[in-house]
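Next come the chains, spelled out residue by residue.
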Amino acid sequence: MSVDLVGFLGVVMLAYLVPGPDFLVIVRAAARRPALGRAAALGAQTGLCVHMCAAALGLSVIATRSAYAFTAIKLAGAAYLVYLGVRALLDARRDAAGRHAPRAGRRKTPAEASTPEDTDGAGPSAAADDDRRGSFVEGFLTNVLNPKAALFFLSILPQFVDRSGSLTEQIFLLGALDVVIGVFYWLGLVGLAARLRSVLGRPVWRRRWERITGCLFIAIGISVAATE
């Protein structure tokens, strides 16, 4: 059995370097707090594991060959991206409104709740756990509802396997490599985004970042929905 690892690794690295919805989710979470970025990254790679298992078991073939199933996955993914975009825009709006409200007794907005002064060294709390869980779910759903991820495992990955060997084993092998590479890539990206927190943590820049990512989420969601 001979797997084309060199070619596969090249394609995988190129795929990660091209920003997509998971890139926005992870960087947005990391800009709030590194722990949230790591949670979103692990969620995204867990979603990738779902696609890997589905491809190995042949479920992706059924989904992509069924127009109704594929359309349902595509529209669900598009709707979720639009939801993330609208929520980011609303967070920015609430943050801006809160800045003009009286400071006494004012509650923090979700964006303010994770400013740079919040460090990973703080003691564990229910709120922190909820934030990490929410970031994990965002990363997971963004990836598992991405039809392009399913198509990658169905149409791109099989090009690098040895047809004379076990396709299931090879798909699991290449898929696992993809997941591991992604973990290290995303953790490096989280570290880079964390260095920008001093800038993105400033109220004006934080609101601009939320608006930019919100618009990008909505644009990508509409693009995914409109794709034939």
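In case you missed it, the structure is sitting above this.
Residues numbered from 1 in each chain as written. Predicted model: local features only at pLDDT ≥ 70, side-chain atom pairs only at ≥ 80, totals over all residues. Heavy atoms only, no water.

1. Brief notes about the layout of surface pockets
Taken as a whole, the largest pocket encloses approximately 600 Å³ of empty space. Lining the largest pocket are 26 residues, with Ala-15, Val-18, Asp-22, Asn-146 and Lys-148 sitting closest to its centre. Listing elements by their share of the lining of the largest pocket, those giving two or more residues are helix H1 (5-17), helix H2 (21-32), helix H3 (34-56), helix H7 (147-156), helix H8 (167-195) and helix H10 (203-226). In the lining of the largest pocket, the residues fall into 17 nonpolar, six polar and three charged. (1 Å grid on protein atoms, 1.4 Å probe; cavity = no way out; pocket = protein on both sides within 12 Å on 5 of 7 lines; lining within 4 Å. Points joined across faces, edges and corners; volume = space filled by probe spheres on them. Helix = DSSP H or I, 4+ residues; strand = E, 2+ residues; numbered from the N terminus. Nonpolar A, V, L, I, M, F, W, Y, C, P; charged D, E, K, R; others polar.)

2. A look at the nonpolar core
Counting residues in each nonpolar core, the largest one holds 38 residues, and the members touching the most others are Phe-8, Tyr-16, Ile-26, Phe-153, Leu-157 and Trp-186. Only H1, H2, H3, helix H5 (67-99), H7, H8 and H10 provide two or more residues apiece to this core. For this core, the element with the highest residue contribution is H8, accounting for nine residues. In this structure, Ile-26 is in contact with Gly-37, Ala-40, Ala-41, Ala-44, Trp-186 and Val-190, ignoring residues within four places of it in sequence. (Core = buried A, V, L, I, M, F, W, Y, C linked by side-chain atoms within 4.5 Å. Buried < 20%, exposed > 50% of the residue type's maximum accessible area, 1.4 Å probe, protein only. Contact = heavy atoms within 4.5 Å.)

3. Thoughts on the environment of Ala-54
Looking at where Ala-54 falls in the secondary structure, it is placed in helix H3. The exposure class of Ala-54 is buried, given its relative accessible area of 17%. Between the alpha carbons of Ala-54 and Leu-154 there is a distance of 9.3 Å; along the sequence they are 100 residues apart.

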